[in-house]
Amino acid sequence: MSELSSLLALMIFPGGLALLAAGLLYEWADRKLVAQLQNRLGPRWFQPLADTFKLLAKEEIVPQGVHKGLFWGLPVVAVAAALTAALYVPLAGLNPAAAFRGDLIVALYMLSLLTLCLGLAGANTYNRFSVIGATRTLTQLFSYEAPFMLSLLGPALVAGTWQISSINQYAAGNTWMILTQPVGFVVALVGLMGKLELPPFDAPEAETEIVSGALTEYSGRGLALFHLGKDIELVIGLTLVSAFYLGGLTNPLAFLLKTLALLLILAVLQSLFARLRIDQTVGLWWRVGALLALVQLLLVIVLKGTGVL
Amino acid sequence: MEEQVQAKNKFVVPIGPQHPALKEPGHFEFTVDGEIVVGATVRLGYAHRGIEKGCEDRNWAQGMYLVERVCGICSHIHAMTFALGAEKLANVTAPPRAQAIRLLVGELERIHSHMLWLGVQAHEGGFDTLFMYTWRDRETVMDLLEMLTGNRVNYSANVLGGVKCDVTDPIASEILKGMDFLEQRARYYLDIVSTDETFLGRTRDVGTMTKEQALRIGAIGPTGRASGLERDVRLNAPYAGYVDFPIKVVTEQGGDLLARTLVRVKELFESIRLIREVLDKLPPGEISVRMPRRVPEGAVVSRVEAPRGEVLYYMKSAGSDKPERIKIRTPSICNWATVMATAVGHKLADMPMLLAGIDPCFSCSDRSVKIVRRDDEQYMTWEALRQYGNGFYR
Amino acid sequence: MKIGVMINDLVRSLFSKPATEKYPFEKRPAPERLRGKLYWDPAKCTGCQLCVKDCPSEAIELIVLDKVNKRFVMRYHIDRCTYCGQCVENCRLECLGMSSEQWELASTKKEPFEVFYGKEEDIQELMDRLDHASATPQNRRD
């Protein structure tokens, strides 16, 4: 019986199909919101789904000189990593499908694995745009990863546990941590944008410079899988940030409202700025982001040590 | 190619002929060291259409519509330069009202071109929101042009000897209403491009060109004016209505992308001011005079300030109803060198903005192609040309 | 130093309708001066051919059936026309004009692009001649 339910959890809900559907819908919501902010119409609700089907149906062109195994395998690993990470987060406000002590670290590394796959996929080809895209992807990974992690560790320290579901419960029972740790929230949100390579942090896939960055050589199934991976990452990222900072996710309605509110903020931020050059991105993260997150973290540790929290 | 690159341990990033940054074909090779550009070359010639030769095969009126299609954005400018030149050859002067309307359409077109450019520049810098808003507001001026002339892009406002479309009172009041809206929006855009820190981060101190450099390379139009060159055909050699309605030249001293942006946005205000003045003091009278079909023998140079800089036409007539020779020099071709001169030392990410910064028009650039080889001679006999052609296509 | 200068526009757009027009479903009326499909009134035409001479794209042909009795048929190639309006400008008798209503002229077939203007019987006669011409083998200039 428990095998059946774990299988269900993996394939249908909360992992697998439900997550893919949620990812596509959130991508649509994001695009629609950005379009609305830019005073245009935006895509219809099934557009991301239609794109995915179209890509899956297309022939996948494997360019000369690539490692075939890697070219085929990396997208699969990327999606698998994203799907695995989803098992530990409170999707739809329900208890995570799996939980153990320290699963926060695992979930974060699973998400980084996706970006790593993206970088490797770019470096795997001879395409110049891909190679530059891969370099930028990995550079960006190194710049946002530390501040993003530090910003998520703040709530974890306050809750006294590194288990996502426990932090979620703690957050639900206490003051919203957006109020107690506002800096952490901002860093986490902007870090999420860096992770998802959303504008203004879209230098790794800046179409006016390097076409499509690391994914330039991907055409069919691989591209679809990478896109799905990104969509899932979006849902997971939104879930994590809202669970930690917006008072926890305890029921589906709260999940929907909080993640969509967060998505709206993301959409506004996306359309508000010009793209940052990769050197500006790195500078911003290490000079400002990491420092702020570190100060916040130290403050939390000190306060915790003195018994205020 | 590959071996060369490997041997020199250089990494060449090609931009174009097909590339998302460029909406027209042109080929640029940027040699990069990491993200830093250490070398840049340009190759044009993908959009050569033989317009100059085509003109020789058409009569004067037909030729005007052909040159109107040299560039999709400054279509009126090209037709006006052609018409002014042909009128000068034929000793015909278009009536003052026609000249003023030519100016009016020209300035409306300048607004449309500069707003288009601002959107493109924002898009190259990844600022899609600004792109969407400028292009939305550009619709206003496009609609005005459509209402005035009857078409949104190829206005065909000129005929030889004057213009086709007259400005009536309702149209004038509509234009003035549009100008009020555009002035308010232009002020807003000026605020954005001069204060938004993310956009400034992409434009300030990028592609800086000193006045001396600009003079040496021969930069013209807003690109030159951004480096402090006070050059504008509208002021230096007034034509059409600019004799009666002088302009104030907008210059900036910075020479970087920011200065180029500011020059263009500030020119919007100047155009709006001029349009208001023209509509206020529109000379009465006819809008066209008769033009002979056969144009007397002679040659003339006609110069006009397009949104991108100076357009120059050399026109020669042999006394027939067809031109003997038309030579077109468009502003984009003069400004390419500025990109190549300023590219080195910047980041690869700056290249699209730098390319777009001169407001390039690739189809404008491709008037003629000359492939220079080692043993090439300046002139070819007909027989040699035939043999060359046969050999080339074998 | 300011960031996020465009926030006003964004907030305004969030609560307003998109600027995009859903074109085939919503149409704005075209301005009065729009240069659309050319039309020709045979009544006043003298057959001076000035319109044909200056057409930059050879889109119009004035076929003379009977010069003395002023019987002409205009063959108008919509697909070649650049809508410049030079023919309208050239015509001193105001036989030519451009419609501001008929401007959606796209078609997936070639046939709608060739239009004959003129009196019914003249067009009929021209058609008969053309049929005859295509039946006999000879070089037809197109």
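The rules behind the values
Residues numbered from 1 in each chain as written. Chains lettered and ligands numbered in written order. Predicted model: local features only at pLDDT ≥ 70, side-chain atom pairs only at ≥ 80, totals over all residues. Heavy atoms only, no water. Helix = DSSP H or I, 4+ residues; strand = E, 2+ residues; numbered from the N terminus. Buried < 20%, exposed > 50% of the residue type's maximum accessible area, 1.4 Å probe, protein only. Contact = heavy atoms within 4.5 Å. Areas by Shrake-Rupley, 256 points an atom, 1.4 Å probe, with all protein chains shown as cover. Lys, Arg positive; Asp, Glu negative; His and termini not counted. Charge placed at Lys NZ, Arg CZ, Asp CG, Glu CD. Phe/Tyr/Trp six-rings, centres within 6.5 Å; stacked < 30°, edge-to-face > 60°. Lys NZ or Arg CZ within 6 Å of the ring centre and 35° of its normal. Salt bridge = Lys/Arg side-chain N within 4 Å of Asp/Glu carboxyl O. Patch = residues over 30% accessible without salt bridge, like charges linked within 9 Å, V, L, I, M, F, W, Y side chains within 5 Å. Axes fitted to C-alpha atoms, helices over the stretch in contact; angles between N-to-C directions. Parallel < 35°, antiparallel > 145°, perpendicular 65-115°, else oblique. Left-handed = near helix turned anticlockwise from the far one by under 90°. Nonpolar A, V, L, I, M, F, W, Y, C, P; charged D, E, K, R; others polar.

> I'd like a description of the overall build of chain B, backed by residues and values.
Secondary structure summary: chain B contains 16 helices and 8 strands in total. Dimensions of chain B, computed from C-alpha atoms along their principal axes, come out at roughly 70 × 60 × 35 Å. Evaluated residue by residue, chain B yields a buried proportion of 59% over its 394 residues. Residue pairs in contact within chain B that sit at least 24 positions apart in sequence constitute 70% of those at least 6 positions apart. Carbon and sulfur atoms form 52% of the exposed surface of chain B, whose accessible area is close to 15,700 Å². Distance between charge centres in chain B, computed from 50 positive and 51 negative side chains, equals 4 Å.

> Can you break down the packing of aromatic side chains residue by residue, with the values?
Residues and elements named next belong to chain B. In total, this model carries 15 aromatic pairs over all chains according to the counting rule given. Their ring planes at 45° and their centres at 5.3 Å tell us that F28 and W336 sit as a pair that is tilted. Separated by 308 residues along the polypeptide, F28 in strand β2 (residues 27-33) and W336 in helix α13 (residues 331-343) bring together distant segments of the chain. One aromatic cluster in this structure is built from F28, F30, W336 and F362. If you follow R138 out to its NZ or CZ, it ends over the ring of W135, 4.8 Å from the centre. Across the ring face of W117, the terminal group of R264 is positioned such that the distance to the ring centre comes to 4.4 Å.

> Explain the pattern of salt bridges to me, using residue names and the numbers behind them.
Overall, the coordinates contain 50 salt bridges over all chains when judged by the stated rule. For the salt bridge of E205 of chain A with K230 of chain A, the shortest nitrogen-to-oxygen distance reads 3.3 Å. In this pair, E205 of chain A is assigned in the loop between α9 (182-195) and α10 (207-210) and K230 of chain A in helix α11 (residues 221-245), connecting sequence segments 25 residues apart. Among the ionic pairs, E310 of chain B bridges to R303 of chain B, the shortest N-O distance being 3.5 Å. Of the residues examined, R303 of chain B reaches a relative accessible area of 34% and is grouped as partly exposed. Among the ionic contacts, a cluster of salt bridges with common partners joins E107, R110, R225, D232, R234, E267 and E305 of chain B.

> I'd like a rundown of a nonpolar patch on the surface, residues and numbers included.
Residues and elements named next belong to chain A. There is a patch of nonpolar side chains on the surface, built from L4, L7, L8, L10, M11, I12, F13, L17 and L94 and spanning about 850 Å² of accessible area. When residues in the nonpolar patch are grouped by element, the largest group, 5 residues, is from helix α1 (residues 2-11). Within the secondary structure, L8 sits in helix α1. Residue classification places L8 among the partly exposed residues on the basis of a relative accessible area of 46%.

> Hey, could you go over the packing of helix α6 (residues 128-149) of chain B against helix α7 (residues 169-195) of chain B for me, with residue numbers and the actual values?
Residues and elements named next belong to chain B. The N-to-C vectors of α6 and α7 enclose an angle of 160°; their axes lie 10 Å apart at closest approach. It follows from the interaxial angle that α6 and α7 lie roughly antiparallel. Here α6 and α7 pass one another in a crossing that is left-handed. For the pair formed by α6 and α7, the contact residues are L130, Y133, T134, R136, D137, T140, V141, L144, M147 and L148 on the first element and I171, E174, I175, G178, M179, F181, L182, R185, Y189, I192 and V193 on the second. Grouping the constituent residues of the contact of α6 with α7 by class yields 14 nonpolar, 3 polar and 4 charged.

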